[in-house]
Amino acid sequence: MRSIILIGLTFFVLCTAAWAIEVVRYHPQPLNGIDPLAPITVKIALN
């Protein structure tokens, strides 16, 4: 039981570290117009 918990915690820490590295290394390109750090805006067209 203890080994399963340790394996799960190790997996969680590795996934969290990989995610954090990806977030730090990510540089949005101005050409695609997608900025994940920008606030979400929704445009509604009323006819």
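Computed from a predicted model, the values in this text were never measured in an experiment.

Topic: the overall build of the protein chain
So, point 1. If you tally the helices and strands in the protein chain, you get one helix and zero strands.
So, point 2. By residue count, 0% of the 47 residues in the protein chain fall in the buried class.
So, point 3. As displayed, the protein chain has an accessible area near 5100 Å², and 72% of this comes from carbon and sulfur atoms.

Here's the deal with a nonpolar patch on the surface
So, point 1. Together, Met1, Ile5, Leu6 and Leu9 line one region of the surface with nonpolar side chains, adding up to about 460 Å² of accessible area.
So, point 2. The residue leucine 6 is located in helix H1 (residues 2-25) in this model.

Here is what the cut-offs are and how they apply
- Residues numbered from 1 in each chain as written.
- Predicted model: local features only at pLDDT ≥ 70, side-chain atom pairs only at ≥ 80, totals over all residues.
- Heavy atoms only, no water.
- Helix = DSSP H or I, 4+ residues; strand = E, 2+ residues; numbered from the N terminus.
- Buried < 20%, exposed > 50% of the residue type's maximum accessible area, 1.4 Å probe, protein only.
- Areas by Shrake-Rupley, 256 points an atom, 1.4 Å probe, with all protein chains shown as cover.
- Patch = residues over 30% accessible without salt bridge, like charges linked within 9 Å, V, L, I, M, F, W, Y side chains within 5 Å.
- Salt bridge = Lys/Arg side-chain N within 4 Å of Asp/Glu carboxyl O.

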